[in-house]
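# Examination of the molecular architecture
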Amino acid sequence: MARVVGAGLISALASAALGVDCAYADGPFNFSPFASPPAPPPQASSDSPPAEAAAQPGAAAKAEPPRVRNDNPRTTASGFDPEALERGAKALREISSSPHGKKVFDVIKKQEETRQIEFTSKGAEFKAMQAQAETERQKVIYEEQKKLSQQQAQIKSQMARYEDELARKRMQAENEHHRARNQELVKMQEESSLRQEQTRRATEEQIQAQRRQTEREKANIERETIRVKAMAEAEGRAHEAKLGEEVNRRMLVERANAEREKWLAAINTTFDHIGGGLRAILTDQNKMVVAVGGVTALAAGIYTTREGARVIWSYVDRILGQPSLIRESSRGKYPWSGLFSRGMSTLSSNTSKASASNNGNGFGDVILNPSLQKRIQQLASATANTKSHQAPFRNMLFYGPPGTGKTMAARELARKSGLDYALMTGGDVAPLGPQAVTKIHQLFDWGKKSKRGLLLFIDEADAFLCERNKTYMSEAQRSALNALLFRTGDQSKDIVLALATNRPGDLDSAVADRIDEVLEFPLPGEDERFKLLKLYLDKYIAKAGARKPGLFSHLFKKQQQKIEIKDLTDDILREAAARTEGFSGREIAKTMASVQAAVYGSENCVLDPNLFREVVDYKCAEHQQRRKMAANDE
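Quantities reported herein were computed from a predicted structural model and do not represent experimental measurements.

### Concerning the overall build of the protein chain
- Each helix and strand counted, the protein chain has 18 helices and eight strands in total.
- Put simply, of all contacts in the protein chain between residues at least 6 apart along the chain, 76% involve residues at least 24 apart.
- Put simply, the protein chain shows about 43,000 Å² of open surface, and 56% of that area lies on carbon and sulfur atoms.

Spelled out as structure tokens, the structure:
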């Protein structure tokens, strides 16, 4: 019995040692060497020792009730579980008390060995599962890294493709921009070359037309010269025939001889006296000194008098004379010339009134729109009443296309209002430079000396009264403009300022503020053109051969050949007025002057409807060509 107990103890200790070696504390399998094994699943086994032992009634009776497994056993400080040792000791006591102890021990030992084998196989499976899990984890990590590297490579390739596409688009846009700019440059160069070619052709055509016109005028002048020369030769031959008579020849010879003898006697007597005086001077030293001194004093006096008179005259001209800016004036150049100028102006006003009464026009040779003419007459009456009541004058602005009668209307306005007028051009101010300010002040000082009042008419006013912020405007022009603004800052009782311009928008705002009345001079209508044609027909054609009244005009001027007018009715003039639409008054005057030249160039000096229509057609075509050239320049 003691031997059986010793053998069981040894087997228990061995099993305890084996249990310690096969324990896995950190894994899912935690087995205690002395813990009761889990109940095996119910299975039919014929050779199982526990079944045999359980079949014995004594073992079943002595078997204890199942104990609850303690997954958290009590341990000592060194980690040893005494409960397992207690179960081992209890098992030894049971084995020793059992009659079949050795069999029980063998069964327990086999069970323990089987359990240890199962534990070993499970540990190997667990290690295999851990290795497989580690392999799977490494595989997953590798796959993730591979996917990450593939995604990074794909992203890099996409970024490279995107950057390459952006670069291509940028280069394409730059190429398109360069191509468009090159096309614009080529187009601009082509347009510039076309404009230059058109300008060159227009200039050549104008030069050719001017050359043809010059050749025609030259031919007309040559014909006129030949005609005048023939007439002069005929008159000379007639005069020589009259003087060729014998009586006249003898009388002329006798008279010439008498005159010759008389002059010879006078010359001899004079030279005798001069020779005697020279001999007396040369023989007497005192007389010679006195003569030389007298001649020297006489020369010095003449030189001094001449230079002094020149200085005094320049001073008088600067103080009393007309300013240099004035191109035309109804006043005399000097105060003492006012009587003659007034007499001439009275005479001219009487003749102009007579012509106005004959023409049925109260404004002389100026043909204007009826409403505009009525407005100017009202302004003339208002200006005359303003002068009589010593009230300040009102400044005026005339604007419109060139050649519409602005200057002529200003003259008539001054004449009908009883004022003197002075005409200046804005283009004369810029060449004066720094002297322009002084000249403008002299002009206004001279204008204030007029007793009747002065209408100062500035033609082409935009030449120096333009906006002061223009880049091309010089400092001298700005100073001249400031000087005029200073002199016209207040309403004047002596000077009426009348400005004329083709571009009123270019005037300075301060100049426009000085203007009280604004008058537009449009192109003449059909009725006005008809009146202008009749007026210049009478002036250039009907009265072309008539002499002007004068005392000696019949002695110094030859009688011109009169022009004969045939079948030129008012209907033809109205037809010409309808065809000359867009013509200014100056262009109509030039048209009638061309008609006069064409008549003088004809053989019989007769104006008929065919010649008149031919000249009008030519001038209309020339007018259209000028309009096309102006449109191309714009």
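### Let's talk about helix α9 (residues 370-388)
- Here α9 is 19 residues long and its end C-alpha atoms lie 27 Å apart, about the 27 Å a rise of 1.5 Å per residue gives.
- Looking at α9, one finds that the buried residues are Leu372, Gln373, Ile376, Leu379, Ala380, Thr383, Thr386 and Lys387. One side of α9 carries all its buried residues, which in axial view fall inside an arc of 145°. Facing away from the buried side of α9, by more than 90 degrees, are the exposed residues Pro370, Ser371, Lys374 and Ser388.

### Topic: empty space enclosed by the protein
- Across all of its chains, the model carries one cavity of 30 Å³ or more by this definition.
- If you go around the largest cavity, the residues you meet are Ile572, Glu575, Ala576, Arg579, Phe612, Arg613 and Val616.
- Elements with a contribution of two residues or more to the lining of the largest cavity: α16 (570-579) and α18 (609-633).
- Split by residue class, the lining of the largest cavity holds four nonpolar, no polar and three charged.

### Quick notes on the packing of aromatic side chains
- Under the defined criterion, the tally for this structure stands at three aromatic pairs.
- Measuring from ring centre to ring centre gives 5.1 Å for Phe398 and Phe521, while their planes differ by 55°; the resulting arrangement is tilted. Here Phe521 lies in the loop between β6 (517-520) and α14 (526-542) and Phe398 lies in strand β2 (residues 396-399), a separation of 123 residues in the sequence.
- With relative accessibility at 0%, the residue Phe521 sits in the buried group.
- Put simply, the rings of Phe398, Phe457 and Phe521 pair up and form one aromatic cluster.
- Here the guanidinium or amino end of Arg574 rests over the ring plane of Phe530, the centre of that ring lying 4.0 Å away.

### Details of the pattern of salt bridges
- Per the counting criterion, the structure on display carries 23 salt bridges.
- In this structure, the salt-bridge partner of Arg115 is Glu112, at a minimum N-O distance of 2.7 Å. With Arg115 and Glu112 both in helix α5 (residues 101-243), this residue pair falls three residues apart, about one helical turn. The exposure classification of Arg115 matches that of Glu112, with both residues buried.
- Asp428 serves as the salt-bridge partner of Arg327, at 2.9 Å between the closest nitrogen and oxygen. Taken together, the residues Arg327 in the loop between α7 (285-320) and β1 (328-329) and Asp428 in the loop between β3 (420-425) and α11 (436-448) connect sequence positions 101 residues apart.
- Sharing partners across several salt bridges, the network here consists of Glu197, Arg200, Arg201 and Glu204.

### Here we look at the sheet that holds β6
- Read across the open sheet, the six strands follow the order β1-β3-β4-β5-β2-β6; overall the sheet is mixed. On the outer flanks of this sheet lie β1 and β6, each paired with one strand and no other.
- Bridging between β2 and strand β5 (residues 495-501) involves four bridges; their strand directions are parallel. Across the sheet, residue Tyr399 finds its bridge partner in β5, namely Thr501.
- In the packing of α11 onto the sheet, the strands contacted are β1, β3, β4 (454-459) and β5, and the crossing angle to β4 comes to about 150°.

### Structural notes on the side chain of Glu517
- For Glu517, the position within the fold is in strand β6.
- Here Arg375 takes part through its side chain, which lies 2.3 Å from a polar atom of the side chain of Glu517.
- Glu517 has contacts with Arg375, Leu379, Arg394, Asn395, Met396 and Leu397, leaving out every residue within four places of it along the chain.

### Describing the pairing of β4
- Here β4 lies mainly inside the structure; five of its six residues are buried.
- Relative to β4, β3 runs parallel, the two being bridged by six bridges. In the strand pairing of β4, Thr425 is matched with Asp459.
- The parallel pair β3 and β4, bridged by α11, forms a crossover whose chirality is right-handed.
- Looking at chain direction, β4 and β5 are connected through five bridges and run parallel. Across the sheet, residue Leu456 finds its bridge partner in β5, namely Leu497.

### Here we look at the packing of α14 against helix α17 (residues 585-601)
- Where α14 meets α17, the axes come as close as 9 Å, and the angle between the chain directions of the two elements is 40°. Comparing the axis directions of α14 and α17 gives the class oblique. Seen from above, α14 lies across α17 with right-handed handedness. Of α17, the residues touching α14 (which contributes Arg529, Leu532, Leu533, Tyr536, Leu537, Tyr540 and Ile541) are Gly585, Ile588, Ala589, Met592, Ala593, Val595 and Gln596.
- Residue classes in the contact of α14 with α17 are distributed as eleven nonpolar, two polar and one charged.

### Thoughts on the pairing of β5
- Of all seven residues making up β5, seven are buried, and the element is well covered by its neighbours.
- Side chains of β5 alternate between two faces, with Ile495, Leu497, Leu499 and Thr501 and Val496, Ala498 and Ala500 buried alike.

### Section: the confidence of the model for the protein chain
- Of the residues in the protein chain, 75% reach a pLDDT of 70 or more, and the chain-wide mean stands at 77.
- Throughout residues 1-5 the model reports pLDDT below 50, and contacts reaching past four residues in sequence, or to other chains, amount to four contacts.
- Low confidence marks residues 16-63, where pLDDT is under 50. Its contacts with residues over four positions away, or in another chain, come to 40 contacts.

### As for the nonpolar core
- Residues Val429, Ile440, Leu456, Ile458, Phe464, Leu465 and Leu499 are the most contacted members of the largest nonpolar core, which totals 31 residues.
- Elements represented by at least two residues in this core include exactly β3, α11, β4, α12 (475-487), β5 and α13 (509-514).
- Sequence-distant contacts of Leu456, defined by excluding residues within four places in its chain, comprise Ile326, Ala422, Met424, Leu443, Phe444, Ile495, Val496, Leu497 and Ala498.
- Counting 28 residues, the second largest nonpolar core, distinct from the first, contains Leu537, Leu573, Met592 and Phe612.

### Section: unusual backbone geometry
- Within the chain, Asp567 stands out as a residue other than glycine whose phi angle is a positive 60°.
- Among the secondary structure elements, Asp567 is positioned in the loop between β7 (564-565) and α16.
- On the basis of relative accessibility, which here comes to 64%, the residue Asp567 falls in the exposed class.

Conventions and cut-offs
- Residues numbered from 1 in each chain as written.
- Predicted model: local features only at pLDDT ≥ 70, side-chain atom pairs only at ≥ 80, totals over all residues.
- Heavy atoms only, no water.
- Helix = DSSP H or I, 4+ residues; strand = E, 2+ residues; numbered from the N terminus.
- Contact = heavy atoms within 4.5 Å.
- Areas by Shrake-Rupley, 256 points an atom, 1.4 Å probe, with all protein chains shown as cover.
- Expected span 1.5 Å × (residues − 1).
- Buried < 20%, exposed > 50% of the residue type's maximum accessible area, 1.4 Å probe, protein only.
- Arc of directions from axis to C-beta.
- 1 Å grid on protein atoms, 1.4 Å probe; cavity = no way out; pocket = protein on both sides within 12 Å on 5 of 7 lines; lining within 4 Å.
- Points joined across faces, edges and corners; volume = space filled by probe spheres on them.
- Nonpolar A, V, L, I, M, F, W, Y, C, P; charged D, E, K, R; others polar.
- Phe/Tyr/Trp six-rings, centres within 6.5 Å; stacked < 30°, edge-to-face > 60°.
- Lys NZ or Arg CZ within 6 Å of the ring centre and 35° of its normal.
- Salt bridge = Lys/Arg side-chain N within 4 Å of Asp/Glu carboxyl O.
- Pairing = 2+ DSSP bridges.
- Axes fitted to C-alpha atoms, helices over the stretch in contact; angles between N-to-C directions.
- Polar contact = N/O pair within 3.5 Å; in protein donor to acceptor, adjacent residues only side chain to side chain.
- Right-handed = clockwise from strand over helix to strand, strands pointing away.
- Parallel < 35°, antiparallel > 145°, perpendicular 65-115°, else oblique.
- Left-handed = near helix turned anticlockwise from the far one by under 90°.
- pLDDT = per-residue confidence, 0-100.
- Core = buried A, V, L, I, M, F, W, Y, C linked by side-chain atoms within 4.5 Å.

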